[in-house]
Amino acid sequence: MKKHNTSQPVNQEAKQTDLSVNKSDPNNKFLTTNQGVKINDDNNSLKSGERGPSLLEDFILREKITHFDHERIPERIVHARGSGAHGFFEVTNPIPQFTKAAFLQQVGQKTPVFARFSTVAGSRGSTDLARDVRGFSVKFYTEAGIYDFVGNNIPVFFIQDASKFPDLIHAVKPEPHNEIPQAASAHDTFWDFISLMPESMHMVMWAMSDRAIPRSYRMMEGFGVHTFRFINEQDESHFVKIHWKPKLGTHAVVWDEAQKISGKNPDFHRQDLWDAIDTGNFPEWELGVQVIPEADESKYDFDLLDPTKLVPEELVPVTIIGRMVLNRNPDNFFAETEQIAFHPGHVVPGIDFTNDPLLQGRLFSYTDTQLSRLGSPNFHEIPINRSISPTHNNQRDGHMRQEINTGRVSYHPNSLGGGCPYQARIAEGGFASFNERIDAHKVRARSESFSDHFSQATLFYNSQTEVEQGHIIKALRFELSKVATTAIRVRMLGLLSQVDATLAEKVAEGLGLPVPKQPETPMNHGVGADADGTQESKILLQPQQPSDALGMIKNPTITKTIESRKVAILCNDGVNEAQLANLKKLLLVQGAKGCVIAPHMGFVSTDAGGAVAVEGSFLNASSVLFDAIYIPGGEAASVLAEDPDALEFINDAYKHCKVIGAQAEGLDVLAATTFASKTANNDDAGLIVDRDGDNNFGQAFIDAMGQHRIWDREPKI
Ligand code: HDE
């Protein structure tokens with residue numbers, strides 16, 4: 001038997017086998033290999049002579065290059081392009097009558113979160129401003145384990161059954177023969193698939209609306225899409241639809257602007273999220289729920305399990321139960337935003353699933369995808385994915401296992417380990433699935449209650465203002481004009497005619513095609529090969545009352561706030577310092593920011609003999625990166641009128657319906673623009689001009705910005 005050396009205390013001996021890193025070791029400052037060996041020269045590889053060949057024995061070089069060679073992991077098959085941040089969720093209105101979820105019980109109770117927003121189709125390096133659905137995922141690090149909300153900024157989905165997801169994604173991704181186009185649905189394979197899938201029509205309406213080109217991640221809603229269940233202490237179930245409502249309102253850019261932003265700053269949304277948090281403008285959303293009693297499951301003329309349907313907020317109001325604030329940028333994009341692994345199946349007691357056939361498929365997919373993306377079943381051990389509540393189980397080993405499990409017991413039941421870890425009773429917080437009664441035949445079939453594909457598409461279209469309908473028409477014209485196969489365009493016009501006859505006609509006009517009299521019978525109705533395949537999609541509903549919550553311009557989240565908005569202040573040497581300073585100050589009070597843009601970087605001189613730092617030039621900035629424009633007076637202001645870059649800047653802002661303000665000599669610049677007559681006639685609510693020093697100018701400018709965009713400028717379609 002091993003004896004302790006009496007001159008050496010036991011804990012000293014234990015220290016000799018302690019493998020933890022000594023962070024206070026003075027050697028910590030040195031560059032080392034991954035094996036901890038200090039490196040003397042990191043600039044030269046080992047060679048046979050100064051001008052000779054490199055030597056294979058150079059373990060320092062080989063380790064460095066090998067690591068580099070493997071620094072990329074497979075990107076997410078969907079939602080590859082994204083950005084995230086840390087924050088917290090706080091309960092404002094507990095609903096214990098509906099859910100026993102421990103993190104939702106007390107007013108003021110806070111839970112750390114990490115949120116990730118994404119586009120779907122583009123690859124990791126693609127533009128933020130693609131026309132696309134946005135992912136909206138939130139990992140809640142609750143004391144009862146991880147809860148992942150994995151939703152989108154659109155409340156419905158293209159397909160009803162998980163089995164069609166690979167087809168949908170293959171169709172929308174770049175075409176396989178030439179890998180074109182990147183991050184765009186405007187191509188043949190996508191619309192070929194869609195034109196054969198009438199169930200996608202509701203989602204298509206949303207995807208062609210301005211929801212698909214948000215102004216900012218901070219200004220979009222989030223939706224759980226599927227109906228979930230809340231379970232209370234009495235084990236009663238309620239159906240629930242989950243919503244996030246942005247504090248800054250729901251806003252978008254316009255399509256021409258989106259395309260230009262993609263060139264001027266493809267990281268526009270990523271940058272916006274980062275800068276907002278960096279400057280203390282913490283993004284915030286309210287969490288709301290639509291709760292529906294089990295007994296009302298069949299009350300509606302759509303099926304709650306059908307993910308192509310929403311529950312209008314007028315039918316079931318949204319109850320706000322908490323808020324999320326994002327207040328810390330990640331320290332390391334790869335370690336956190338890239339390695340975070342969401343899964344709609346990560347739920348805690350109090351939250352459960354329904355039989356939505358799309359959700360059911362997702363419950364398999366997300367763990368599976370992490371195995372190939374993160375390379376190991378131990379992805380839960382990566383710091384960003386770790387539960388803050390302790391984990392104990394008998395899962396062992398596998399690639400890159402971090403935890404050093406001790407003891408010899410890795411099975412249950414056991415007596416050698418004293419029975420540990422124990423199963424938790426429900427009263428002790430153990431998860432028990434909702435005791436739903438299921439009594440059915442095993443079938444591959446779709447419920448008849450899923451067969452109305454058009455009523456809610458029509459409801460969505462009818463709920464839009466004329467301006468928003470115009471944007472949908474133009475988006476469809478754009479997308480379908482990029483489709484080379486005429487038969488696909490025609491098939492789409494047929495489907496659109498079932499949503500709204502005028503919509504179809506107007507899209508057809510833009511394509512130079514007639515609307516087919518008899519829409520082609522779509523090939524896919526969610527039936528198998530042995531069905532006759534010709535059954536009609538059913539329209540079960542009477543047209544419903546339009547809903548403001550479905551649009552953006554009249555969306556109930558909209559307020560007049562201009563918080564965190566950016567104004568380009570176009571200056572030249574000799575700028576009127578007082579006017580410039582005054583507007584900047586007023587913007588600051590509103591939480592907005594004025595940025596000085598000039599023909600060159602450095603400084604511009606002021607009329608008072610001072611100098612103002614320039615933050616962007618006409619070469620590196622563009623009005624699409626700003627929310628409004630202001631041109632102060634100054635003796636050389638009119639010189640801007642001779643600068644084509646400055647004029648393009650201003651004309652674009654007008655075209656994109658942004659507010660434009662000018663004072664004194666700044667007005668002379670407007671005289672050279674495409675909208676000079678509007679300025680002269682004072683005929684536009686978004687042109688705020690002041691020739692003679694009106695004290696109200698600043699407030700008028702801010703009020704106009706509070707309208708967000710001046711839609712009257714857009715020609716009617
Ligand atoms: Fe996803 N989805 N999805 N999805 N999804 C993924 O998981 C999948 C669906 C959503 O920021 C993948 O970790 C299937 C609906 C978001 O990391 C993958 C089906 C909704 C994110 C996957 C769907 C979503 C994903 C790729 C149909 C809205 C990004 C990487 C059955 C409710 C999460 C990953 C993040 C990511 C599969 C449909 C939202 C492959 C099979 C509907 C926000 O597992």
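Structure shown above.
Quick caveat: nothing in here was measured; it's all calculated off a predicted structure.

1. Quick look at helix H14 (residues 577–589)
1) Next: Taking 1.5 Å per residue, 13 residues should reach 18 Å; H14 reaches 18 Å between its end C-alpha atoms and fits that length.
2) Next: Against strand E11 (566–570), strand E12 (593–598), strand E14 (611–613), strand E16 (628–631), strand E17 (659–663) and helix H18 (697–705) lie the buried residues of H14.
3) Next: The residue sitting at the N-terminus of H14 and contributing the capping side-chain oxygen is asparagine 576; that oxygen lies 3.2 Å from the backbone nitrogen of alanine 578.
4) Next: Backbone geometry just after H14 places glycine 591 at a positive phi near 80°.

2. Here we look at the packing of aromatic side chains
Remark: the centre distance and the inter-plane angle together describe each pair of aromatic rings, the angle taken between the planes.
1) Next: Under the defined criterion, the tally for this structure stands at 28 aromatic pairs.
2) Next: Consider the rings of phenylalanine 157 and phenylalanine 165, whose centres lie 6.0 Å apart with planes at 35°: the pair is tilted.
3) Next: Relative to phenylalanine 697, the ring of tyrosine 630 has its centre 5.6 Å away and its plane inclined at 40°; by these criteria the two rings are tilted. Remark: phenylalanine 697 occurs in helix H18 and tyrosine 630 occurs in strand E16; sequence separation between them is 67 residues. Phenylalanine 697 matches tyrosine 630 in its accessibility class, with the two residues each being buried.
4) Next: Here a set of aromatic residues connected by ring pairs shows up, and it is made of Phe89, Phe103, Phe117, Phe136, Phe140, Tyr147, Phe149, Tyr217, Trp244 and Trp285.

3. As for unusual backbone geometry
1) Next: Along the chain, isoleucine 180 connects to proline 181 via a cis peptide bond; the corresponding omega equals -5°.
2) Next: Within the secondary structure, proline 181 is located in the loop between helix H3 (165–172) and helix H4 (188–195).
3) Next: Of note, the bond from cysteine 420 into proline 421 is cis; its omega dihedral lies within 30 degrees of zero at -15°.
4) Next: For proline 421, the location among the structural elements is in the loop between helix H9 (357–373) and helix H10 (455–462).

4. Considering the sheet that holds strand E18 (residues 687–690)
1) Next: Spatially, six strands are ordered E15-E12-E11-E16-E17-E18 in an open sheet, and the strand pairing comes out parallel. Two strands bound the open sheet, and with one partner strand each, they are strand E15 (616–617) and E18.
2) Next: Across the face of the sheet, helix H15 (residues 644–655) comes into contact with E11, E12, E16, E17 and E18 while running at roughly 135° to E16.

5. Here we look at the coordination of the iron atom of the ligand
1) Next: The protein supplies the iron atom of the ligand with one donor atom, Tyr366 (OH), which lies at 1.9 Å.
2) Next: Position of tyrosine 366 among the secondary structure elements: in helix H9.

6. As for the nonpolar core
1) Next: Ranked by internal contacts, the top residues of the largest apolar core, which has 52 residues, are Phe158, Trp191, Met201, Met205, Leu476 and Leu503.
2) Next: Apart from residues lying up to four places away in sequence, methionine 201 is in contact with His453, Phe454, Ala457, Met492, Leu495, Leu496 and Val499.
3) Next: Listed in part, the 36 residues of the second largest apolar core include Val138, Phe140, Trp244 and Phe353.

7. Considerations on empty space enclosed by the protein
1) Next: Taken as a whole and judged by the stated rule, the model has nine cavities of 30 Å³ or more.
2) Next: In this structure, the largest cavity spans a volume of roughly 140 Å³.
3) Next: Surrounding the largest cavity, 15 residues form its lining, Pro155, Phe223, His243, Leu310 and Val311 being those nearest its centre.
4) Next: A total of three residues in the lining of the largest cavity trace back to one element, the largest contributor, which is strand E7 (residues 237–246).

8. Describing the layout of surface pockets
A probe as big as a water molecule, rolled over the atoms, marks out the empty space that is left.
1) Next: Of the voids in this model, the largest pocket is the one considered here, and its volume is about 1,500 Å³.
2) Next: Lining the largest pocket are 44 residues, with Ser389, Pro390, Thr391, His392 and Asn393 sitting closest to its centre.

9. Things to note about the site of the ligand
1) Next: Taken together, 24 residues are adjacent to the ligand, and Arg76, Arg116, Arg362, Tyr366 and Gln370 come closest.
2) Next: Contacts to the ligand include serine 365, whose side-chain N or O atom sits 3.1 Å from an oxygen atom.
3) Next: Tyrosine 366 has a polar side-chain atom sitting 2.7 Å from a nitrogen atom of the ligand.
4) Next: When contributions to the shell around the ligand are tallied by element, the ones reaching two or more residues are strand E3 (134–142), strand E4 (145–152) and H9.
5) Next: The greatest single-element share of the shell around the ligand, amounting to six residues, is contributed by H9.
6) Next: Among the residues forming the shell around the ligand, the class breakdown is 11 nonpolar, 10 polar and three charged.

Conventions and cut-offs
Residues numbered from 1 in each chain as written. Predicted model: local features only at pLDDT ≥ 70, side-chain atom pairs only at ≥ 80, totals over all residues. Heavy atoms only, no water. Helix = DSSP H or I, 4+ residues; strand = E, 2+ residues; numbered from the N terminus. Expected span 1.5 Å × (residues − 1). Contact = heavy atoms within 4.5 Å. Polar contact = N/O pair within 3.5 Å; in protein donor to acceptor, adjacent residues only side chain to side chain. Phe/Tyr/Trp six-rings, centres within 6.5 Å; stacked < 30°, edge-to-face > 60°. Buried < 20%, exposed > 50% of the residue type's maximum accessible area, 1.4 Å probe, protein only. Pairing = 2+ DSSP bridges. Axes fitted to C-alpha atoms, helices over the stretch in contact; angles between N-to-C directions. Donors = N, O, S within 2.8 Å, 3.2 Å for Na, K, Ca; no water. Core = buried A, V, L, I, M, F, W, Y, C linked by side-chain atoms within 4.5 Å. 1 Å grid on protein atoms, 1.4 Å probe; cavity = no way out; pocket = protein on both sides within 12 Å on 5 of 7 lines; lining within 4 Å. Points joined across faces, edges and corners; volume = space filled by probe spheres on them. Near = heavy atom within 4 Å. Nonpolar A, V, L, I, M, F, W, Y, C, P; charged D, E, K, R; others polar.

Coordinates in, geometry out; function isn't part of it.
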